[in-house]
Amino acid sequence: MKIYGKKASIVTLGCKVNQYETDAMCAMLQEAGVSIVSTKEKTDIYIVNTCSVTNMAERKSRQMLHRAKRKNPDVVVVAVGCYAQVGKEELIADGHIDLIIGNNKKKDLIKILEEYQPNEKPETEVLDIASDREYEELHVDHLNSHTRAYIKVQDGCNQFCSYCIIPYARGRVRSRRKEDVLEEIRGLAGKGYQEFVITGIHVTSYGTDLGEIRLIDLLEEISKIDGVRRIRLGSLEPGFITEDVLRRLSRLEKFCPHFHLSLQSGCDTVLKRMNRKYTTEEIREKCRMIRQYFDQPALTTDIIVGFPGETEEEFEETRKFLEEICLYEMHIFKYSIRKGTRAAKMQDQVPDQIKAKRSDILLEMSRNHQEAFEKAQLGQTKEILIEEEVHGSKNWYTGHTREYVKTAVYSETDLENQMVNVQLETISPDGYVKGRLAPEEK
């Protein structure tokens, strides 16, 4: 298929790694002479960067793939990514899809499109990713966001948590070469990006397949790059938090003290069934250490309620533990069966109404903890990276503190992509902590 001069739309589902890979695919398409257009416009190529983390994510991926053919029967529909990797047979039988491209083949997108010939059955480009040890080198030189850049440094996971399909969709741990990471960040910093979020499928395993280098070493190298004002980390495994790592992070002026610890439960017996490789006592100690090295750090987490076999007593253990460690924000997920995982075959699946009740309890706790954390910030002057004007509110601009508190500030001059000091004053019901520009900013 001749793709030069064609139009393409891309839909992204799932995590920040998927968003990074979409940005890289957009760059490849544009370099090949393809225009990227909105999904609302008529397009020649419709790509869905799919997600497979839950059954619902797969269903949504299928819905997005079907939508394209309904709007335009002649469009070439391309399924890319995690669901394409683990659900290839389902997608082949679907009838709405022309091309299926798995993980570690996205780098070949242009070649695959150019060689594509319409057939009754979809063409598939899916590797046996379990045996692939090569990091798929993708590169971005510009992003849709104007301020914050997500940088993928690692792919794959070796943990095999009992509820998770990701090791089967993404394969084993594969790390990106330090030189390639630094080159990409230098290029983006030179174009005005100031904050860099270092991410991966299991980012704290970065370097374990390379030898000497580890994630903390990479962060120290990134901090030396001119133009980088902030370094932020994605989701962290608790094992990453050690005295040595915290001491080194605390010395990096550009590091943002926001730690998203992926806990999943606050009960040791549930953690064991999940095949999580830590205990609540270790988590308690990690939180204490972080607060020792950083002043008012933001600690956030993910929690699954209603995991198979979770009793009222086990849930109560989780509730008490989370109340004790008092995190800034908690993302609460009701467990959903993911076929292909060990947890899907476990006995004593928890009824939906019980999951909903437990979710509501933790969500209320999260709201209270978030409010308490933000109230403690009032009266302080914080550095804000302004991202955009608040939609529908003229002269109000929004951004985040280094702790990732969402903030709004009034200004009659355009502040987008500027780093400003803001005195925090009130908590607004619309989800912002509102403040005013510090005197030196006026």
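Keep in mind the model is a prediction, meaning the values are calculated, not measured.

1. Observations regarding unusual backbone geometry
Line of reasoning, step 1. Located in the positive-phi region is Gln 296, a residue other than glycine, with phi close to 50°.
Line of reasoning, step 2. Under the relative-accessibility criterion, Gln 296 is labelled partly exposed at 26%.
Line of reasoning, step 3. Although it is not a glycine, Asn 417 adopts a positive phi angle of roughly 65°.
Line of reasoning, step 4. Its place among the elements puts Asn 417 in the loop between strand S16 (406–410) and strand S17 (419–427).

2. Section: the side chain of Lys 106
Line of reasoning, step 1. One can find Lys 106 in the loop between strand S5 (99–101) and helix H5 (109–115).
Line of reasoning, step 2. Here Lys 106 falls in the buried class, since its relative accessible area comes to 0%.
Line of reasoning, step 3. Only 2.8 Å separates the side chain of Lys 106 from the side chain of Asn 103, close enough to count as a polar contact.

3. Points about the packing of helix H7 (residues 178–190) against helix H8 (residues 215–222)
Line of reasoning, step 1. At a closest axis distance of 10 Å, the pairing of H7 and H8 adopts a crossing angle of 35°. Of the two elements, H7 crosses H8, and the hand of that crossing is right-handed. Contacts from Lys 178, Val 181, Leu 182 and Ile 185 of H7 reach H8 at Leu 218, Glu 221 and Ile 222.
Line of reasoning, step 2. Of the residues that constitute the contact of H7 with H8, the class distribution is five nonpolar, no polar and two charged.

4. Topic: the packing of aromatic side chains
Line of reasoning, step 1. As enumerated under the stated definition, the model contains eight aromatic pairs in all.
Line of reasoning, step 2. Ring geometry for Phe 307 versus Tyr 335: centroids 5.4 Å apart, planes at 75°, classification edge-to-face. In this pair, Phe 307 sits in the loop between strand S12 (298–305) and helix H12 (312–325) while Tyr 335 sits in the loop between strand S13 (329–334) and helix H13 (352–377), placing the two residues 28 residues apart along the sequence. Accessibility assignment for this pair places Phe 307 and Tyr 335 in one class, buried.
Line of reasoning, step 3. Between Trp 396 and Tyr 410, the ring centres sit 5.8 Å apart and the planes meet at 70°, which makes this aromatic pair edge-to-face. Of this pair, Trp 396 sits in strand S15 (residues 396–400) while Tyr 410 is found in strand S16, placing the two residues 14 residues apart along the sequence.
Line of reasoning, step 4. You can call Tyr 410 partly exposed: its relative accessible area is 38%.
Line of reasoning, step 5. Here a set of aromatic residues connected by ring pairs shows up, and it is made of Tyr 163, Phe 307 and Tyr 335.
Line of reasoning, step 6. Between Lys 434 and the ring centre of Trp 396, over which it is positioned, the NZ or CZ distance is 4.5 Å.

5. With respect to the UniProt feature "domain: MTTase N-terminal" (unreviewed entry) in the protein
Line of reasoning, step 1. When the UniProt feature table is mapped to this numbering, "domain: MTTase N-terminal" (unreviewed entry) covers residues 6–118.
Line of reasoning, step 2. Along residues 6–118, the helical share is 44% and the strand share 20%, with 16 Å between the first and last C-alpha atoms.

6. Section: the sheet that holds S16
Line of reasoning, step 1. In space, the five strands of this closed barrel follow the order S14-S15-S16-S18-S17, with mixed pairing throughout. Taken pair by pair, the neighbouring strands of this sheet meet at an average axis angle of 55°, ignoring direction.
Line of reasoning, step 2. Alignment of strand S14 (residues 381–389) against S17, held across five bridges, turns out to be antiparallel. The partner of Glu 383 across the bridge, within S17, is Asn 421.

7. Things to note about the environment of Arg 67
Line of reasoning, step 1. For Arg 67, the location among the structural elements is in helix H2 (residues 55–71).
Line of reasoning, step 2. We classify Arg 67 as partly exposed; its relative accessible area is 40%.
Line of reasoning, step 3. Sequence separation of Arg 67 and Ala 408 is 341 residues, and the distance between their C-alpha atoms is 37 Å.

8. What to know about the state of the cysteines
Line of reasoning, step 1. The tally for this structure, following the rule as stated, stands at zero disulfides.
Line of reasoning, step 2. In this structure Cys 51 is not part of a disulfide, and its nearest cysteine sulfur, from Cys 82, lies 6.4 Å away.
Line of reasoning, step 3. Its relative accessible area of 12% is what places Cys 51 among the buried residues.
Line of reasoning, step 4. The structure places no disulfide on Cys 157, whose sulfur is separated from the nearest cysteine sulfur, that of Cys 161, by 6.3 Å.

Scoring rules and cut-offs
- Residues numbered from 1 in each chain as written.
- Predicted model: local features only at pLDDT ≥ 70, side-chain atom pairs only at ≥ 80, totals over all residues.
- Heavy atoms only, no water.
- Buried < 20%, exposed > 50% of the residue type's maximum accessible area, 1.4 Å probe, protein only.
- Helix = DSSP H or I, 4+ residues; strand = E, 2+ residues; numbered from the N terminus.
- Polar contact = N/O pair within 3.5 Å; in protein donor to acceptor, adjacent residues only side chain to side chain.
- Axes fitted to C-alpha atoms, helices over the stretch in contact; angles between N-to-C directions.
- Left-handed = near helix turned anticlockwise from the far one by under 90°.
- Contact = heavy atoms within 4.5 Å.
- Nonpolar A, V, L, I, M, F, W, Y, C, P; charged D, E, K, R; others polar.
- Phe/Tyr/Trp six-rings, centres within 6.5 Å; stacked < 30°, edge-to-face > 60°.
- Lys NZ or Arg CZ within 6 Å of the ring centre and 35° of its normal.
- UniProt positions renumbered as here; feature names shortened; annotations may be inferred.
- Pairing = 2+ DSSP bridges.
- Disulfide = S-S within 2.5 Å.

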